[in-house]
Number of protein chains: 2
Amino acid sequence: MTSATTPTGKERFAAEPAMRYARREHEFRPSPVRAVFELALDPRFVSLAGGNPDTALLPHEEIAEISARLLRDRGAEILQYGSGAGIAALPEVIGALMAAQGAQVSPRELLITTGSQMGIDLATKLLCDPGDVVVAEGPTYVGAMGVFGAYETELRQIPVDDDGLVPQALEEALDAAQREGRRVGYLYTIPHHQNPSGTTLSQPRREQVVEICARRGVPIVEDDPYAFVGFPGTEPLASLYSLNPAGVVHLGSFSKIFSPGMRVGWMAAPPQVRDRLQIAGESVDIHPSVLAQEIVAAYVGTPSWSEHLGRLRQAYAERCQGLLDSLAQHVPDGVRWTVPSGGFFTWVTLEGVDPGADILGAAIERELIVVPGRACFAGEPPGACLRLAYSGSSPQALQEGARRLAQVIDDLRQAHPA
Amino acid sequence: MTSATTPTGKERFAAEPAMRYARREHEFRPSPVRAVFELALDPRFVSLAGGNPDTALLPHEEIAEISARLLRDRGAEILQYGSGAGIAALPEVIGALMAAQGAQVSPRELLITTGSQMGIDLATKLLCDPGDVVVAEGPTYVGAMGVFGAYETELRQIPVDDDGLVPQALEEALDAAQREGRRVGYLYTIPHHQNPSGTTLSQPRREQVVEICARRGVPIVEDDPYAFVGFPGTEPLASLYSLNPAGVVHLGSFSKIFSPGMRVGWMAAPPQVRDRLQIAGESVDIHPSVLAQEIVAAYVGTPSWSEHLGRLRQAYAERCQGLLDSLAQHVPDGVRWTVPSGGFFTWVTLEGVDPGADILGAAIERELIVVPGRACFAGEPPGACLRLAYSGSSPQALQEGARRLAQVIDDLRQAHPA
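Please read all numbers here as calculations on a predicted model, not as lab measurements.

Here we come to the interface of chain A and chain B. Interface size is often expressed as the accessible area that is lost when the parts come together. Residue-level contacts link 108 residues of chain A with 108 residues of chain B. When chain A packs against chain B, close to 8900 Å² is buried across both sides, 59% of that on carbon and sulfur atoms. By the criterion of area lost to chain B, the three top residues of chain A are A:M19, A:L79 and A:Y81, representing 9% of everything that side buries. Put simply, chain A and chain B have 8 salt bridges between them. We note a salt bridge from B:D121 to A:K125, for which the minimum N-O separation is 3.3 Å. Where chain A touches chain B, the interface holds 41 residue pairs in polar contact (both at pLDDT 80 or more). The dominant element in the side of chain A that touches chain B, judged by the number of residues it contributes, is helix 2 (residues 60-78) of chain A, at 12 residues. Residues belonging to the side of chain A that touches chain B are distributed by class as follows: 56 nonpolar, 28 polar and 24 charged.

Residues and elements named next belong to chain B. Overall, mixed pairing links the 8 strands, which are arranged 2-9-8-7-6-3-4-5 in an open sheet. On the outer flanks of this sheet lie strand 2 (110-113) and strand 5 (164-165), each paired with one strand and no other. Each of strand 2, strand 8 (248-253) and strand 9 (265-268) touches helix 3 (residues 90-99); the most contacted strand, strand 2, lies at about 105° to it. Along the sheet face, helix 9 (residues 271-285) touches strand 2, strand 8 and strand 9 and points at about 25° away from the line of strand 2.

Attention now goes to the nonpolar core. If you look at the biggest cluster of nonpolar residues, it comprises 266 residues, and the most contacted ones within it are A:Y188, A:F254, B:Y188 and B:F254. Among all residues touching B:F254, those that are not within four sequence positions of it are B:L90, B:V93, B:I94, B:L97, B:S259, B:V264, B:G265, B:W266, B:V296 and B:V300.

Residue and element names in this part refer to chain B. In the structure shown here, the tally under the stated rule is 0 disulfides over all chains. C128 takes part in no disulfide bond, and the closest cysteine sulfur, belonging to C213, lies 13 Å away. Given a relative accessible area of 0%, C128 falls into the buried group.

All names here are of chain A. As for its placement among the helices and strands, R156 is situated in strand 4 (residues 154-161). The class for R156 is buried, based on a relative accessible area of 17%. Leaving out residues up to four positions away in the same chain, R156 has contacts with V133, V134, V135, A136, A176, A177, E180 and R182.

A few words now on the sheet that holds strand 10 (residues 335-337) of chain A. Residues and elements named next belong to chain A. Ordered by their spatial adjacency, 4 strands build an open sheet running 10-11-14-13, and the pairing between neighbours is antiparallel. Looking at which strands have only one partner, the edges of the open sheet turn out to be strand 10 and strand 13 (371-372). Strand direction decides the pairing type here: strand 13 and strand 14 (residues 384-389), joined by 2 bridges, are antiparallel. Across the sheet, the residue bridging to P372 is L386, located in strand 14. Lying over the sheet, helix 11 (residues 303-330) contacts strand 10, strand 11 (345-350) and strand 14, oriented at roughly 170° with respect to strand 10. Lying on the sheet, helix 13 (residues 395-415) is in contact with strand 10, strand 11 and strand 14; it crosses strand 14 at an angle near 170°.

Here is what the cut-offs are and how they apply
Residues numbered from 1 in each chain as written. Chains lettered and ligands numbered in written order. Predicted model: local features only at pLDDT ≥ 70, side-chain atom pairs only at ≥ 80, totals over all residues. Heavy atoms only, no water. Contact = heavy atoms within 4.5 Å. Buried area = accessible area lost by both parts, 1.4 Å probe. Salt bridge = Lys/Arg side-chain N within 4 Å of Asp/Glu carboxyl O. Polar contact = N/O pair within 3.5 Å; in protein donor to acceptor, adjacent residues only side chain to side chain. Helix = DSSP H or I, 4+ residues; strand = E, 2+ residues; numbered from the N terminus. Nonpolar A, V, L, I, M, F, W, Y, C, P; charged D, E, K, R; others polar. Pairing = 2+ DSSP bridges. Axes fitted to C-alpha atoms, helices over the stretch in contact; angles between N-to-C directions. Core = buried A, V, L, I, M, F, W, Y, C linked by side-chain atoms within 4.5 Å. Buried < 20%, exposed > 50% of the residue type's maximum accessible area, 1.4 Å probe, protein only. Disulfide = S-S within 2.5 Å.

As structure tokens, this is what we get:
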């Protein structure tokens, strides 16, 4: 070894390492949500950025007992490699959840994942070549945009209104791609309480969207983690998967109805598609944590879990109302927000502010953290906008957040008028 | 909705679904190891196929108590989203392990993964474009081959002998790629107790391999899960990362020294490379299970874990010796095997058998499961060969497996002579 190839101490990484990156590296983007997730730990800040479920409401003692019992009674099995298809007990739990959205699924359609993020990754790996178009809501989930970029696809976004994505705009986007000779990999949609707009795709539109895509042979990736966190009095709508299972890959998750720290979700897809997804997944992570899967299977679906879900839905409804009331009280005229029927988010649109303004930067000046709307669009956003999350915050934080947002809007209108 | 787009009941999936797959789907290959993993559950069979650690030797009660304590005391935090960088307690545990292989690493170099499989995936995503060459040992780990295929790279394999991969052959492979104008994405190597050959890269060769790659600017992906399961009396050798951290991505795992069911591993890389790997990883799975990470951090490195590791190493040494003794007793002349100094595997080469023969099929006829050597090569294997794992089997199973293998070899020599 020469010293040139074995630098030591502080000099080890003095220069940019001589590793050439793949072309796709240019498309890697750090999630702005994850970036502010770190900053949000500063106690001076009010964060309405992270879309966190409230895990303080969970029965920790009960989950501790479940975990201990599993490890005591079946430790050798639970600590060993598991099946790439997931543990045997989960299909029944998942089947009950999917049946509540109108889909009768067999275990042959199900694949366990380390959460919906991996489901988006695997679906894109299977369905998209570089240069393909992915169509999605505008705004859309920033974590999905990271996947679209990593697979070198082109995101084209279509508007949403109070009933979710606009079918006419979908049809036009698919027409345009066809005219240009561009292949559409899939339609990506979050049909319940969409992240980040907070809107839900209405039942008539679900049928329209499925029909439009089925007619053109465009698969749908239905990312549906918020189906069961509608506010009290609401019920989940029929899943797109229930309307046309042969044309839809459905993504489900235990992150919002139990625990995101566990990292357990699922995919439902036609058996041949599911089998290919399993092969793709085994080369990525072999399988999700067996202990986490077993805890999920032992807890979700029990009466205690149903009570917990009821508490969550009630809490989110109250927090949402608290935030919307505070917005009405504090923010100036010319600010609009969506009125969610469930989920974690409301979407705020600002008149009188330059769409190119740095909203997050202005918020940080006032010790507030939000997700800037720009992060949810591949191109320029249609206006100045931002996402607020109410799911994980106290009433005081929501009120103080709305108060600071009002200041931020004043600042923006002064410094960056439209 | 027309009935044509909403088939129901048994007809839902009657035809091949109308989803067009990405080009890379042709490269998706089911792991032959995972396929036999399912068959191995049949009690009539003896399986020497799966590379499983012995999780029955773990102190299940102690791990149950750790898990329960974590969930009781810090449930809201542990069940919540975690940081993409991993939990705060792991870098110290990992730092101590890597220091035992000569590398002083800072937390800035470390990224927590859901096991080394994800490490291979992320390194390939960052370093390889479609059409790039990946150089690896021949034979190599079948799970890595799945990744190479998914990223549409071309695997070129170089021979191993008792001291691991042959540096002269590495140099020739890199020369050949250069002459052809082909870019080499990286050298993939498993330097300790290699899966599947059971050989270890000697210390002088480690320095040669690092020098050859550094001189040509070819990164090394060092997949090192077996470093700490050498047989009693052996010590881990210096990692390739310790020899040239600027040119190596090191993959470590808790799967072989604690639990594969947990799905926790790590990557060490130059900070700039590590940051790009983190961004790539967040779009795949956000982060590994927080509970699993916390259990690993609370157990690995304790005196109880050290005792456990000592028991494992002793057990594997005894099982290896038992298998090699049984092979010597039962198999006919013209059969050779490697003599491991640790790890899970021995590699068996058969004279007098057609290299194209279906070894797994012949073994199944005798109710034996092995990994056929063909699965570990991108092209034709240099001869008839197979992998035997001794890590997870009883002395009786190892002896019976050797006896059945002798019959299989006789069958093969009759039906498929070389």
